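Remarks on the overall topology
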Amino acid sequence: MAALSTDQKVVYLASPRGYCAGVDRAVQAVEEALARHGAPVYVRKEIVHNRHVVDTLAERGAVFVNEADEVPEGALLVFSAHGIAPAVRDLAAERSLRTVDATCPLVTKVHQEVKRFARDDYDILLIGHEGHEEVEGTAGEAPEHVQLVDGVDAVDRVQVREGVKLVWVSQTTLSVDETMEIVTRLRERFPQLQDPPSDDICYATQNRQVAVKAMAPDCDLVIIVGSRNSSNSVRLVEVALGAGATAARLVDYAKDIDPAWLDGVRSVGISSGASVPEILVQGVLEMLAGHGFSEVRPVVTAQETVVFSLPTGVRASRRVGEA
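Structural notes, computed from the coordinates. (Residues numbered from 1 in each chain as written. Predicted model: local features only at pLDDT ≥ 70, side-chain atom pairs only at ≥ 80, totals over all residues. Heavy atoms only, no water.)

What follows covers the sheet that holds strand E6 (residues 123–127). Taken in spatial order, the 3 strands of this open sheet run E7-E6-E8, and their pairing is parallel. Taken across any chain shown, the strands that pair with only one partner, and hence form the sheet edges, are strand E7 (146–149) and strand E8 (166–170). Sheet twist, expressed as the average angle between the axes of neighbouring strands with direction ignored, equals 30°. The pairing of E6 with E7 spans 4 bridges and is classified as parallel. (Pairing = 2+ DSSP bridges. Helix = DSSP H or I, 4+ residues; strand = E, 2+ residues; numbered from the N terminus. Axes fitted to C-alpha atoms, helices over the stretch in contact; angles between N-to-C directions.)

Moving on: the nonpolar core. The tendency in soluble globular proteins is for nonpolar side chains to be buried as a group. Counting 25 residues, the largest nonpolar core has Val30, Ile47, Val48 and Val78 as the members making the most contacts within it. Going through the elements one at a time, helix H1 (21–37), strand E2 (41–44), helix H2 (51–60) and strand E4 (76–79) are the ones with two or more residues in this core. Ranked by residues supplied to this core, first place goes to H1 with 7 residues. Aside from chain neighbours lying at most four places away, what touches Val48 is Val23, Ala26, Val27, Val53, Val54, Ala81, His82 and Ser275. With 20 residues, the next largest nonpolar core counts Val251, Val268, Val281 and Leu288 among its residues. (Core = buried A, V, L, I, M, F, W, Y, C linked by side-chain atoms within 4.5 Å. Buried < 20%, exposed > 50% of the residue type's maximum accessible area, 1.4 Å probe, protein only. Contact = heavy atoms within 4.5 Å.)

What follows is about empty space enclosed by the protein. One pass over the structure, following the stated rule, counts 2 cavities of 30 Å³ or more. As a volume, the largest cavity reaches approximately 250 Å³. Along the walls of the largest cavity sit 21 residues, with Cys20, Val23, His82, Thr173 and Asn232 positioned nearest its centre. Elements represented by at least two residues in the lining of the largest cavity include exactly H1, helix H4 (105–119) and helix H8 (231–242). Residues that form the lining of the largest cavity fall into these classes: 9 nonpolar, 11 polar and 1 charged. If you go around the second largest cavity, the residues you meet are Ile127, Gly128, His129, Val149, Asp150, Gly151, Leu174, Glu178 and Ile182. Split by residue class, the lining of the second largest cavity holds 4 nonpolar, 3 polar and 2 charged. (1 Å grid on protein atoms, 1.4 Å probe; cavity = no way out; pocket = protein on both sides within 12 Å on 5 of 7 lines; lining within 4 Å. Points joined across faces, edges and corners; volume = space filled by probe spheres on them. Nonpolar A, V, L, I, M, F, W, Y, C, P; charged D, E, K, R; others polar.)

Laid out in structure tokens, this is it:
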């Protein structure tokens, strides 16, 4: 990128950023459920990992619960984008709950892979973060076959059955580089390790990481808009630092930015996690403009055209993606 003059301040704005198709689908599912059935609509866990989205839906009448047994019998329950284990679905059925499954189709794909590998008696190594809802749902499909590998350091603790077929799958929101480092280490221990039939890390996660990598070397500071419980947002901070950004920060809102972070800074990169609405990014741009960062240079590395239809039970006549 072109060199900056000594007094020039510029913002590099990554694209793609923000909402992916799976998040858009999940949020619209709750909105449609509220529009059709009125409040309250119950949602298991956070529909997506973003504080603003959850708070906004709660104001409209969504009630977020940890488990299905907190929902009154016969009520409407939406399953979050991160997916659920079969036991959760069974509990909802026992309580006669009406359900809408907003699981991201890309997460569902991984669930189907796990079920198929389990039927074929594989040992399945699930690369992901312990306690993450997506990991819990995926592992729940075949807990007797799935072993979690949470980071490179966990590779040495993996135990598999002798002579059994072995395959790895992954949480969809991981860092591509970190995941492949773990796979390389696993393959050193287990040369028979097979790859999944297709890449499990979702297109949106990869695209946002590529865009951040492209701008990071030119940035004194990278600001990632996203919540701390958002795996893909946290990964973007790590990717920015790994790609050469001098500093990187994660914020939910523009108000979270400490003006002291901008001291001596001439170039700021901005991106956002896959569960972040664009209005939050615009707030950051406005805040930076107030500190002299009025020039915005887009950094575009891909065009996204993926669209998912709404879940059964809330499909509307409007086209997915419309406001």
